[in-house]
Amino acid sequence: MPASPVPTPAPLTDQQAGLLARLTEDLDGVGLWWLSGYAAGLARGQATGARPGLAAAQPIAETAASPALTIVYGSQTGNAKRLAEKLAAQSEAAGATVRLLRADAYPTRELKDERQLYIVISTQGEGDPPDDAIGLVEFIRGRRAPRLPDLRFAVLGLGDSSYPQFCEIGRVLDERLAELGATRLFDRGDADLDIDSVAHPWMARAVDAAKALARTSPTHSATVTPLRPLPAASAFDRDRPFKAELLAGHALSAPGGLHTPRGRDVRHFELSLEDSGLHYEPGDALGIWPTNPTALVDGVLQTLSLDGSQPVTVAGDTRPLREWLDGKRELTRLSRPFLAAHAERSGDADLLALLEPERRDDLARLFDEQQVIDLLQRHPADWDAGALVAALRPMTPRLYSIASSQKHVGDEVHLTVAHVAYAVDGQSRWGCASNFLARAAEGEQLPVYIEPNERFRLPADPSRDIIMVGPGTGIAPFRAFVQERAITGARGRNWLFFGNSHFRTDFLYQLEWQRALKDGQLDRIDLAFSRDQAHKVYVQHRLREQGREVYARLEEGAHFYVCGAIGMGKDVHAALLDVIVEHGARSGEDAEEYLARLQQQGRYARDVY
């Protein structure tokens, strides 16, 4: 039966063209791929009499060819998203028809019909999927996953080798797809924090495979050609950071607020984005390229008896050893590859034993407690300058949740940072980026960029209530949320759960929250100071105590947000399940499905680290 003729698209009206222009101002690369279909739908809708809007965009899919290549990404900090967008653009330039989707937007019912699939996915914490990929990972691992004899696939995993279950989710998906009968195009890539060394060759093979696919795929005149991503409004990004002036920095925690072996003081920083063209939304993060503490660099050079002025060449880049150690190599984070290399050089049997699978917990403890210099001092070995630089991981930027609304502060960006400082064997140790900020003087220029977090956004409907759970420095994005909702006149109620060690020393932004309550910008605040009484009380306990009201607001359409440490996020998740079971009269399985639906709807969002 011959295909129905495709109506000639009518030109967009001025109103529709204006709408699309405004939409493209803030869209990322993925959004622009979607927008291309939307624009085609608007035009076709005029030709067929369909009402403009999302519904009008759908008929184009009926006549368009299914994409020959689908790229799905799961990203926690933005790296997987960035690589997937780059891979989509390169594959499309090679002639392939590409569909690019975030994992939580992928329609799992279509997996059985895929012919070529690339998955770019990160692993967070102890082998967990990123939040936007939980549903897809569970589907592929579960009993509902279909047989896939016609699928060809490739997986790129991103991770951090300082965690024992390095790139675990990429490995799980790679093995499971093969188990379901799919054909692996080429070996999985497992990228450490120095992502490019693995990602670039993997992506080159992926583009070659996409090019081969394009030569064998039939062409269809009705296929929608994706829009090219528009140039960013700012010339500054991760690879070209902006030099932001440090305007101010002051302590948030009071003296005496150091309660852990790594006694941390929490500080507030304000930086200028003037003349940068950088824009951010509440929920986004600020990336900072730090340098290592000078004392730490000196300690490594002295321990190994190396000359910091000695030139070292890596991949054609020649610079003094001290410069490599200062800002180009990680010294505050140990990695499995460096540990393995050092164990071999030292001949230390105990270190070698830590690399065995059954010693996973001991290895995790070592990574948590020791830095590079601790390993060098406790297990001596000879290193030459070139070998040392080659073995250490490249420096990576640190991401901090932004603690301000740009509508409120203008060309500034605010941060809430715990300065990590502690002692090992009587010697000072620091966190890299937190110390970089802490030792910076006002007026100093620091290299920064904006990392969008599209999964952590305020409700589009300003009348929706929000519930925010942010203990410790997890409070940062919620300061931005409340500022934004106040200045835009959002009518929805704002409820905050905050926790820390002590009320007297650790109530971050206390005066601001009290003022927000008085002014009606904050509807309610529930506090949990864990060490102000004999038994420890955390935010998850407060959540259970207020479970009836929490569930009622969720049923009324509230959005629920969590920000902070991964362990806390798991505890809050468990408490939220208990609340839904108890006050929703649901089974545990039903509660899991309830939360999964909220997550799919964008009403349950987490920013955990």
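Residues numbered from 1 in each chain as written. Predicted model: local features only at pLDDT ≥ 70, side-chain atom pairs only at ≥ 80, totals over all residues. Heavy atoms only, no water.

Undergrad: Is there a simple way to explain the side chain of His559 in this structure?
TA: Turning to its location among the elements, His559 is positioned in strand S19 (residues 559–564). Assessed through its relative accessible area of 9%, His559 is described here as buried. Among the polar contacts made by the side chain of His559, one reaches the main-chain carbonyl oxygen of Gly602 at a distance of 3.4 Å. The contacts of His559, once residues within four sequence positions are left out, are Pro459, Arg464, Asp465, Ile466, Ile467, Gly602 and Arg603. (Helix = DSSP H or I, 4+ residues; strand = E, 2+ residues; numbered from the N terminus. Buried < 20%, exposed > 50% of the residue type's maximum accessible area, 1.4 Å probe, protein only. Polar contact = N/O pair within 3.5 Å; in protein donor to acceptor, adjacent residues only side chain to side chain. Contact = heavy atoms within 4.5 Å.)

Undergrad: Explanation requested: the confidence of the model for the chain in the structure shown.
TA: Parts of the prediction with low pLDDT should not have their coordinates interpreted in detail. Confidence in the prediction of the chain, expressed as mean pLDDT, is 86, and 84% of residues score 70 or more. For the stretch residues 257–263, pLDDT sits under 50, and the model shows 18 contacts to residues farther than four places along the chain or on other chains. (pLDDT = per-residue confidence, 0-100.)

Undergrad: How should I be thinking about the packing of helix H23 (residues 566–584) against helix H24 (residues 588–600) in this particular structure?
TA: A pair of packed helices is captured by two measures, namely the crossing angle of their axes and the spacing between those axes. At a minimum axis distance of 9 Å, the contact between H23 and H24 shows a crossing angle of 115°. The interaxial crossing formed by H23 with H24 has right-handed handedness. Listed contacts from H24 to His573, Leu576, Leu577, Ile580 and Val581 of H23 are Gly588, Ala591, Glu592, Tyr594 and Leu595. (Axes fitted to C-alpha atoms, helices over the stretch in contact; angles between N-to-C directions. Left-handed = near helix turned anticlockwise from the far one by under 90°.)

Undergrad: Would you mind going over helix H9 (residues 294–304) with me for this structure?
TA: Regarding H9, the residues found buried are Leu296, Val297, Gly299, Val300, Leu301 and Leu304. Tucked inside the fold, the buried residues of H9 contact helix H10 (321–328), helix H14 (372–378), helix H15 (385–391) and strand S14 (427–430). Two residues or fewer past H9, Ser305 is found with a positive phi of approximately 55°.

Undergrad: Just to check I follow, could you spell out the side chain of Asp174 for this structure?
TA: Within the fold, Asp174 resides in helix H7 (residues 168–179). In this structure, Asp174 is in contact with Phe153, Val155, Arg184 and Arg188, ignoring residues within four places of it in sequence.

Undergrad: Before we go on, may I ask you to explain the packing of aromatic side chains in this structure?
TA: Taken as a whole and judged by the stated rule, the model has 17 aromatic pairs. Where Phe503 meets Phe507, the ring centres are 5.6 Å apart and the plane angle is 50°; that geometry is what we call tilted. Classification of Phe507 by relative accessible area gives buried; the value is 9%. The lysine or arginine in question, Arg345, covers the ring of Trp383, its NZ or CZ lying 4.2 Å from the ring centre. (Phe/Tyr/Trp six-rings, centres within 6.5 Å; stacked < 30°, edge-to-face > 60°. Lys NZ or Arg CZ within 6 Å of the ring centre and 35° of its normal.)

Undergrad: Help me understand the sheet that holds strand S20 (residues 604–608), please; the structure alone is not making it clear to me.
TA: Strand pairing in a sheet takes place through backbone hydrogen bonds and is either antiparallel or parallel in direction. Strand order across the open sheet formed by five strands is S18-S17-S16-S19-S20, with parallel pairing between neighbours. Looking at the sheet topology across the chains shown, the edges are occupied by strand S18 (524–529) and S20. Across this sheet, the average inter-strand angle for adjacent strands is 10°, counted without regard to direction. Where strand S16 (residues 466–469) lies against strand S17 (residues 494–500), four bridges are found, and the strand directions are parallel. Residue Ile466 lies in a different strand from S17, and its bridge partner there is Asn494. (Pairing = 2+ DSSP bridges.)

Undergrad: Even after reading the chapter, I still don't get the environment of Glu323, so can you show me in this structure?
TA: Within the fold, Glu323 resides in helix H10. Linking Glu323 and Pro311, residues 12 residues apart in sequence, is a C-alpha distance of 9.3 Å.

Undergrad: How should helix H22 (residues 547–555) be read in this particular structure?
TA: Given 3.6 residues to a turn, an α-helix orients residues that are three or four positions apart in the same direction. Here H22 has its buried residues at Gly547, Val550, Tyr551, Arg553 and Leu554. Seen along its axis, H22 keeps its buried residues to an arc of 160°; they face one direction. Elements in contact with the buried residues of H22: S16, S17, helix H21 (539–545), S19, H23 and H24. Within two residues after H22, Gly557 carries a phi angle of roughly 105°, on the positive side. (Arc of directions from axis to C-beta.)

Undergrad: Even after reading the chapter, I still don't get a negative patch on the surface, so can you show me in this structure?
TA: A surface patch of negative charge is lined by Glu138, Glu589, Asp590, Glu592 and Glu593. Per element, the largest residue contribution to the negative patch is four residues, and it comes from H24. Its place among the elements puts Glu592 in helix H24. (Patch = residues over 30% accessible without salt bridge, like charges linked within 9 Å, V, L, I, M, F, W, Y side chains within 5 Å. Areas by Shrake-Rupley, 256 points an atom, 1.4 Å probe, with all protein chains shown as cover. Salt bridge = Lys/Arg side-chain N within 4 Å of Asp/Glu carboxyl O. Lys, Arg positive; Asp, Glu negative; His and termini not counted. Charge placed at Lys NZ, Arg CZ, Asp CG, Glu CD.)

Undergrad: Honestly, unusual backbone geometry in this entry has me stumped. Any pointers?
TA: Most of the time, phi is negative for any residue but glycine, and the peptide bond is trans. Even without being a glycine, Cys167 presents a positive backbone phi close to 55°. Overall, Cys167 belongs to the buried group, its relative accessible area being 1%. For Asp275, which is not a glycine, the phi torsion comes out positive at approximately 70°. For Asp275, the location among the structural elements is in the loop between strand S8 (264–272) and strand S9 (285–288).

Undergrad: Which parts of the structure should I look at to understand the pattern of salt bridges?
TA: Proximity of charged atoms lets side chains of opposite charge pair with each other. By the definition in use, this model includes 41 salt bridges. The partner of Arg544 in a salt bridge is Asp578, with the nearest N and O atoms 2.8 Å apart. With a gap of 34 residues between them, Arg544 in helix H21 and Asp578 in helix H23 connect regions that are remote in the sequence. Take Arg544: its relative accessible area is 34%, and that puts it in the partly exposed class. The exposure class of Asp578 is partly exposed, given its relative accessible area of 37%. Connected via shared salt-bridge partners are Asp174, Arg184, Arg188 and Asp190.

Undergrad: I would appreciate a short explanation of the nonpolar core in the present structure.
TA: Most often, soluble globular proteins keep nonpolar side chains buried together rather than apart. Core analysis: the largest hydrophobic core is formed by 32 residues, its most contacted members being Leu325, Phe338 and Leu388. Where this core is concerned, the elements lending two or more residues are H9, H10, helix H11 (336–346), helix H12 (349–354), helix H13 (360–369), H14 and H15. Here this core takes five residues from H9, the largest share from any one element. With residues near it in sequence (within four places) discarded, Leu388 still touches Val300, Leu304, Leu306, Leu325, Phe338 and Trp383. Residues Ile71, Leu87, Ala96 and Ala191 belong to the second largest nonpolar core, which totals 28 residues. (Core = buried A, V, L, I, M, F, W, Y, C linked by side-chain atoms within 4.5 Å.)

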